[in-house]
Amino acid sequence: MIEIADEHLREIRAHGERDYPFECCGLLIGRFENGRKVVSETYAISNAREEEAKRNRFLIRPEELMRGEKYAREKGLDVVGFYHSHPDDRAVPSKYDLDHAWPSYSYIVVAVEKGHAADLRSWEMEADRSRFNEEEITPSPFGRGSG
Amino acid sequence: MPVTVTIPTPLRQFADGQSEIQIDARTAGEALDKLTSTHTELRRHLFNDQNALRNFVNVYVNDEDIRHANGPDTPVNEGDTILIVPSIAGGAAVLDEIAGKDAGGPQAGMPALPMLSNEEVARYSRHLIMPEVGMTGQRKLKAASVLMIGTGGLGAPLGMYLAAAGVGRLGLVDFDVVDASNLQRQIIHGTKDVGRPKIASARDRIEDINPHVEIETHDTKLTSANALNLFVNYDVIVDGTDNFPTRYLVNDACVLTGKPNVYGSIFRFEGQASVFWAERGPCYRCLYPEPPPPGLVPSCAEGGVLGVLPGIIGTIQATETIKIILGAPDIMVNRLLLFDAWRMRFRELKLRKNPDCPVCGVNPTIKELIDYEEFCGITQQPETKPTMEEITATELKQRLDQGDDIQIIDVREPHEYEIGAIPNSKLIPLGQVLNRMNEIDPGRETVMHCKMGGRSAKAIEALQRAGFPGHLINLKGGITAWSNEVDPSVPKY
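The rules we used
Residues numbered from 1 in each chain as written. Chains lettered and ligands numbered in written order. Predicted model: local features only at pLDDT ≥ 70, side-chain atom pairs only at ≥ 80, totals over all residues. Helix = DSSP H or I, 4+ residues; strand = E, 2+ residues; numbered from the N terminus. Contact = placed C-beta atoms within 7 Å. Buried ≥ 20, exposed ≤ 12 C-beta atoms within 10 Å, placed from the backbone. Pairing = 2+ DSSP bridges. Axes fitted to C-alpha atoms, helices over the stretch in contact; angles between N-to-C directions. Core = buried A, V, L, I, M, F, W, Y, C linked by C-beta atoms within 7 Å. Left-handed = near helix turned anticlockwise from the far one by under 90°. Expected span 1.5 Å × (residues − 1). Arc of directions from axis to C-beta. pLDDT = per-residue confidence, 0-100. Parallel < 35°, antiparallel > 145°, perpendicular 65-115°, else oblique.

Draft legend 1. Representation of the overall build of chain A in the model. Looking only at helices and strands, one finds three helices and nine strands in chain A. Beginning at the N terminus, the succession of helices and strands in chain A can be written as β-α-β-β-β-α-β-α-β-β-β-β. The contacts in chain A between residues at least 6 apart in sequence include a share of 64% that link residues at least 24 apart.

Following this line, the structure appears as structure tokens:
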């Protein structure tokens, strides 16, 4: 389960629309709490893929992830997952995503159809690497009513 | 020498919750081996099946990436820190294996796409100047592998265009031999090839079109025993089969191996095409959960097919295959294209994934390949009932020659009768047999025939059920056997 405020979901959607037709990506920063992830902010990353491949691939370089982790640690937080967009494709992780995932992290995928953010879903990989399971997205109490 | 390995947060659950572990090791590789032999669950997230570090897993010794040092042999000294950091990669479900090999690979440790020679650049120039293909796309095509099931009507244009387009590796599965009746549509084979195995003839033609293509021939029938092992070695599977058991087999094997299934089928003047790709949309079973009862849908051999039709459907399949490899946005997933050549109309149906689909649904019941002949209801069904009396063409000729009084009823269609007929036979098409029963003399011995013996057996059953009192005999193998055994001047079709 992932707890994330509406405003952060809006940021992810907006990032996906901004980078369309390319894939966008970013970090989810927050805390692991009893098997649950609580997101307190998103951290946009520039897609490291070259032009051609950006339509269907994203890459967050380890240096960037380390920078993000350092940023999180300074605030007493962790990287709890990642988000990326699927331009003109479903909000479902691909086999490629599965091959490149680690357990526990949340992987939020937002479908961007013809430039407009549509379906947004969150996934967590099964510990034996066999599949992704969709996880429930619950609004964060901090985000409730925050317009 | 003790070094400290820092365990990333999501993997701590596999290391008893520890964030740092002290290990005695001389190299980074040794440290990781020791770490994962103590905490075995960690291993699968760090190493792949070939025991190499997963290509998105990066290992740092004191802030230096070991890829830039000596890899796993990078020495470590007392007090060093080993850091495991993923580079987070992912993306939409375009052809994963191929698109993974893109030019940005090296940072993530992925194999790079193959380069093109100057000769290849010249050959593919009309592709290269389009941004949708370009150099990267053409290299993706070269990196790609496609398995074609069948080298017949659909396989002919498919094989030729995929080869011409520069697909790097083409697998051909067929066990059939070129027959004269194939040449009306199977343009990958020529008149000189009649009698040769189709895969041999197809190989010659493809090599002539593009010697840069690697061809793998599989001279075998596709079966539940060999399909999965064949499919895993290719990126895209193209279904050019002409029968239901193989079509369901191709579908299920594609779902189980996660491969896109580029589907096409043809009959008379009508064709269908789609891309069944369970990861992204419906599979063939979502569209057709059950096969039609055996005999309801005739094959092309029985029903005929316009020779140009597989050319149109096969080239649509070739187009979709190339688009999948390139990662094009509008692949024919979720859509079924219907084509009617006689009216020259294309129509499109929206398809939806069936959540209850037995093979690709939420709770699949088919988890391995089954017996598809049985599934389609065509296992060991005798052509004719054992009680039915039969005569061979040779015996019939002998009896006619010795002057026996036999009437011959031909139950084929008039346009078939025009192609050739047995002398002194009377034409009563199957559909009219019962209405015209009175035209058959019950007092004379009667031999009934059709093209192969199937329809005449049905006619005899129908007449017997209707109470026809005469003596009815089926001509075994129909007029085809007559042509083979008695009179080769009667053309076979």
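Draft legend 2. Spatial organisation of the overall build of chain B. Broken down by element type, chain B carries 19 helices and 19 strands. For chain B, buried positions account for 39% of its 493 residues. The long-range fraction of contacts in chain B, counting pairs at least 24 apart against all pairs at least 6 apart in sequence, stands at 66%.

Draft legend 3. Region of the structure containing the sheet that holds strand β7 (residues 116-125) of chain A. Residues and elements named next belong to chain A. Strand order in the open sheet formed by eight strands is β8-β7-β6-β5-β2-β3-β1-β9, and the pairing between neighbours is mixed. In the strand order of this sheet, the two ends are held by β8 (132-135) and β9 (137-139), each with one partner. Between one strand and the next, the sheet's axes are offset by a mean angle of 35 degrees, whatever the strand orientation. Direction of pairing for strand β6 (residues 106-113) relative to β7: antiparallel, over a ladder of six bridges. Counted as the bridge partner of valine 109 is arginine 121 from β7. Where helix α2 (residues 62-74) meets the sheet, it contacts β2 (25-33), β3 (36-45) and β5 (78-87), and its direction lies at approximately 135 degrees from that of β5.

Draft legend 4. Geometry of unusual backbone geometry. Residue and element names in this part refer to chain A. Omega for the bond connecting tyrosine 20 with proline 21 falls within 30 degrees of zero, at 5 degrees, which places this linkage in the cis form. With respect to the secondary-structure elements, proline 21 resides in the loop between α1 (6-19) and β2. In this structure, aspartate 88 takes a positive phi of about 50 degrees despite not being glycine. Examined against the element boundaries, aspartate 88 turns out to sit in the loop between β5 and α3 (95-99).

Draft legend 5. Examining the nonpolar core more closely. Counting residues in each nonpolar core, the largest one holds 70 residues, and the members touching the most others are B:Val146, B:Leu147, B:Met148, B:Val167, B:Leu170, B:Ile237 and B:Cys283. Ignoring sequence-local partners within four residues, the contact set of B:Leu147 consists of B:Gly171, B:Val173, B:Leu230, B:Phe231, B:Tyr234 and B:Ile237. Listed in part, the 57 residues of the second largest apolar core include A:Val79, A:Phe132, B:Leu35 and B:Val76.

Draft legend 6. The arrangement of the packing of helix α8 (residues 155-165) of chain B against helix α14 (residues 309-326) of chain B in detail. All names here are of chain B. Remark: α8 packs on α14, axes separated minimally by 8 Å, with the N-to-C direction vectors making an angle of 35 degrees. Seen from above, α8 lies across α14 with right-handed handedness. Across the interface between the two elements, Ala156, Pro157, Leu158, Tyr161, Leu162 and Ala165 from α8 touch Pro310, Gly311, Gly314, Thr315, Gln317, Ala318, Thr321 and Ile322 from α14.

Draft legend 7. Local environment of α2(A). Residue and element names in this part refer to chain A. With 13 residues, α2 extends 18 Å between its outermost C-alpha atoms, agreeing within 8% with the 18 Å of an ideal straight helix rising 1.5 Å per residue. Inspection of α2 places Pro62, Leu65, Gly68, Glu69 and Ala72 among the buried residues, and these make up the whole buried set. Viewed along the axis of α2, the buried residues span an arc of 120 degrees, placing them on a single side of the element. Counted as exposed and oriented over 90 degrees from the buried face of α2: Lys70 and Glu74. Looking one or two residues past α2, glycine 76 carries a phi angle of roughly 75 degrees, positive in sign.

Draft legend 8. Seen up close, the sheet that holds strand β15 (residues 390-391) of chain B. Residue and element names in this part refer to chain B. Strand order in this open sheet of five strands is β15-β19-β18-β16-β17, and the pairing throughout is parallel. Lying at the two open borders of the sheet, with one neighbouring strand each, are β15 and β17 (425-427). Where strand β16 (residues 406-410) and β17 come together, three bridges link them in parallel fashion. Bridging from a neighbouring strand, aspartate 410 pairs with leucine 427 of β17. Docked against the sheet, helix α18 (residues 454-465) engages β18 (445-449) and β19 (472-475), running at close to 170 degrees with respect to β19.

Draft legend 9. The arrangement of the confidence of the model for chain B in detail. Residue and element names in this part refer to chain B. On average, residues of chain B score 87 in pLDDT, and 91% of them reach the 70 mark or higher. Of the regions scoring below 50 in pLDDT, residues 93-111 engages in 57 contacts with residues more than four places distant in sequence or in other chains. The ipTM assigned to the predicted complex is 0.74, against a pTM of 0.54.

Draft legend 10. Up close: the pairing of strand β3 (residues 57-61) of chain B. All names here are of chain B. Burial analysis of β3 places five of its five residues in the buried class, the great majority of the element. Here β3 shows no split at all, with Val57, Val59 and Val61 on one side and Asn58 and Tyr60 on the other all buried. Counted along the chain from β3 to the antiparallel partner strand β4 (residues 64-65), the turn is two residues long, and its residue asparagine 62 has a positive phi close to 50 degrees.

Draft legend 11. Main features of the environment of B:Pro491. All names here are of chain B. Position of proline 491 relative to the elements: it lies in the segment after α19 (478-485). C-alpha separation for the pair proline 491 and isoleucine 479, spaced twelve residues apart in sequence, amounts to 9.2 Å. Ignoring anything within four residues of it in the chain, the contact list for proline 491 reads Ile419 and Gly420.

Draft legend 12. How the structure looks around the packing of helix α7 (residues 134-143) of chain B against α14(B). Residue and element names in this part refer to chain B. Closest axis-to-axis distance for the α7/α14 pair is 9 Å, and the angle between their directions is 110 degrees. The angle between α7 and α14 falls in the class roughly perpendicular. Considering the relative orientation of α7 and α14, their crossing is right-handed. Side by side, α7 and α14 meet where Gly137, Lys140 and Leu141 of the first sit next to Ile322, Ile325 and Leu326 of the second.

Draft legend 13. Layout of the confidence of the model for chain A. Residues and elements named next belong to chain A. In the predicted model, chain A carries a mean pLDDT of 82, and 86% of its residues have values of at least 70. Highest mean pLDDT in chain A belongs to strand β1 (residues 2-4) (92); lowest belongs to strand β4 (residues 58-60) (71). Contacts of residues 142-147 to residues separated by more than four positions or lying in other chains number seven contacts, the stretch itself having pLDDT below 50.

Draft legend 14. How the structure looks around α14(B). Between its terminal C-alpha atoms α14(B) stretches 26 Å, which fits the 26 Å expected from 18 residues at 1.5 Å a residue. Directly beyond the C-terminal end of α14(B), a positive phi value near 80 degrees is found at B:Gly327.

Draft legend 15. Molecular detail of the pairing of strand β13 (residues 335-340) of chain B. Residues and elements named next belong to chain B. As paired elements, strand β12 (residues 270-276) and β13 share four bridges and run antiparallel to each other. Residue pairing for β13: glutamine 272 is matched across the bridge by leucine 338. Pairing of β13 with strand β14 (residues 345-350) involves six bridges; the strand directions are antiparallel. Each residue of the ladder has a partner; that of leucine 336, found in β14, is leucine 349. Joining the antiparallel neighbours β13 and β14 is a turn of four residues, in which methionine 344 adopts a positive phi near 50 degrees.

Draft legend 16. Fine view of the environment of B:Arg43. All names here are of chain B. Considering the arrangement of structural elements, one finds arginine 43 in helix α2 (residues 40-46). Accessibility expressed as a C-beta count within 10 Å gives 15 for arginine 43, which makes it partly exposed. Separated by ten residues in sequence, arginine 43 and leucine 53 have C-alpha atoms that sit 9.3 Å apart.

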